[in-house]
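# Structural features, examined
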Amino acid sequence: RLSAAVARSLRPDMLLASLSLAAWQPPLAPARPRCSPVVGMSAGGGGGEAATPDELIGGAPLLVFAAEACPYCLELRRELASAGLEPEVHMLDASGREALRQRTGQRTVPYVFVGERFVGGCDDGPEPWMGAMPLLRSGALQQLLDSGSLPADAAALQATARTPVPRRNVALAAGSALAAASLYAYQRLDPLDPVTLLRKLEAESPPLPQALASGRGTLVEFYAPWCAECREMAPMMYRLEKEYAGRVNFVLVDGADPKNEQLVSLFSVDGVPHFGFISAERKLLQTLIGNVPRQAMEASLRRLL
């Protein structure tokens, strides 16, 4: 075990290298698909020399580049299978991710190609209305596979892909009223918007080396400002931090910020929100990914006490 004095002097990457990963647990899949930051993953697939992404693109009608532990990639593959589509799937290694990032300008997995055309990741892409999930929901993905072209009216496509069909019933009306009341109550109690709240929590977080040298357990949360689940969980995480103050360190890291790329890689972050629970002995006890219920979050926090 590193002494506190030594721990303060080490860089975060050196500290994290001392963490035991033996107790790593499978991630909790998020409630709905979101794109995830690209991180280091092991190459998948069969034996022999691996093909590069450039060599693979165009070789299949529907091609998905994914990461093995990425719940968003798994969710996309399930949705495609439900629609009767069978993409060719390849797992990325570090060089493959960098090649696709250079080719597409996107820092997320999965990468989805129809022929040689890049259509995006889960729900974002080279155009605001693109992304595999919106295109799948609107039927445009099937049209692109069948004819090689997309509908000319992108605005109509965007509305079709992203706007849910209204349900005109009493339950919806009651739910809307309840949601409005809840939002009003939340804004009275927590006037900060979720992104501002996340930034505030990050700004107030202790540096990771300091947290690891404190003798207390540490929860490291990786988030991204564009992540819907991160924003939804922000009020709950804010309250939990207050409840566990002085007993558990809360460290927030913006996984979309390039300056944190080394930490993203060290923690093998392939989806946000990503929660790493580190014991006082600097052992990584558990990893959770996605919109974690409060009961499950508290159960994991109690392991750090």
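Quick note: structure is the one above.
Everything in this summary refers to the structure shown in the same document. (Residues numbered from 1 in each chain as written. Predicted model: local features only at pLDDT ≥ 70, side-chain atom pairs only at ≥ 80, totals over all residues. Heavy atoms only, no water.)

Here the focus is unusual backbone geometry. For the bond from Val 272 to Pro 273, the omega torsion is -5°, close enough to zero to count as cis. You can see Pro 273 is positioned in the loop between α13 (261-266) and β9 (274-278). If you check the backbone angles, Ser 268 has positive phi at about 55° while not being a glycine. Tracing the sequence through the fold places Ser 268 in the loop between α13 and β9. (Helix = DSSP H or I, 4+ residues; strand = E, 2+ residues; numbered from the N terminus.)

Once that is clear, we can look at the sheet that holds strand β3 (residues 88-91). Ordered in space as β3-β2-β5-β6, the 4 strands form an open sheet in which the pairing is mixed. Each edge of the open sheet is held by one strand with a lone partner, namely β3 and β6 (117-120). The average undirected angle you get between the axes of adjacent strands in this sheet is 25°. Contacts from helix α5 (residues 94-104) reach β2 (62-66), β5 (111-114) and β6, with the element oriented near 60° to β5. On the sheet, helix α7 (residues 140-147) packs against β2, β5 and β6 and is oriented at approximately 45° with respect to β5. (Pairing = 2+ DSSP bridges. Axes fitted to C-alpha atoms, helices over the stretch in contact; angles between N-to-C directions. Contact = heavy atoms within 4.5 Å.)

Applying the stated criterion across every chain yields a total of 9 salt bridges. Note that Asp 54 is salt-bridged to Arg 103, the shortest N-O span being 2.8 Å. Of the two residues, Asp 54 sits in helix α3 (residues 53-56) while Arg 103 sits in helix α5, which places them 49 residues apart along the sequence. Looking at Arg 103, the relative accessible area reads 40%, which means it is partly exposed. Glu 75 is the partner of Arg 78 in a salt bridge, and the nearest nitrogen-oxygen pair spans 2.7 Å. A residue pair is termed a helical-turn pair when its members lie 3 or 4 positions apart in one helix, as Arg 78 and Glu 75 do in helix α4 (residues 71-82) at 3 residues. With a relative accessible area of 45%, Arg 78 lands in the partly exposed category. Through salt bridges with shared partners, a single network forms among Glu 98, Arg 101 and Glu 261. (Salt bridge = Lys/Arg side-chain N within 4 Å of Asp/Glu carboxyl O. Buried < 20%, exposed > 50% of the residue type's maximum accessible area, 1.4 Å probe, protein only.)

In this section: the packing of helix α12 (residues 228-243) against helix α14 (residues 294-302). It is the contact of α12 with α14, at a shortest axis distance of 12 Å, that shows an interaxial angle of 35°. Classified by chirality, the crossing of α14 by α12 is right-handed. Taken together, the residues of α14 that come into contact with α12 (itself represented by Met 233, Met 236, Met 237, Leu 240 and Glu 243) are Arg 294, Met 297, Glu 298 and Leu 301. Considering only residue class, the contact of α12 with α14 consists of 6 nonpolar, no polar and 3 charged. (Left-handed = near helix turned anticlockwise from the far one by under 90°. Nonpolar A, V, L, I, M, F, W, Y, C, P; charged D, E, K, R; others polar.)

None of this, on its own, says anything about what the molecule does.
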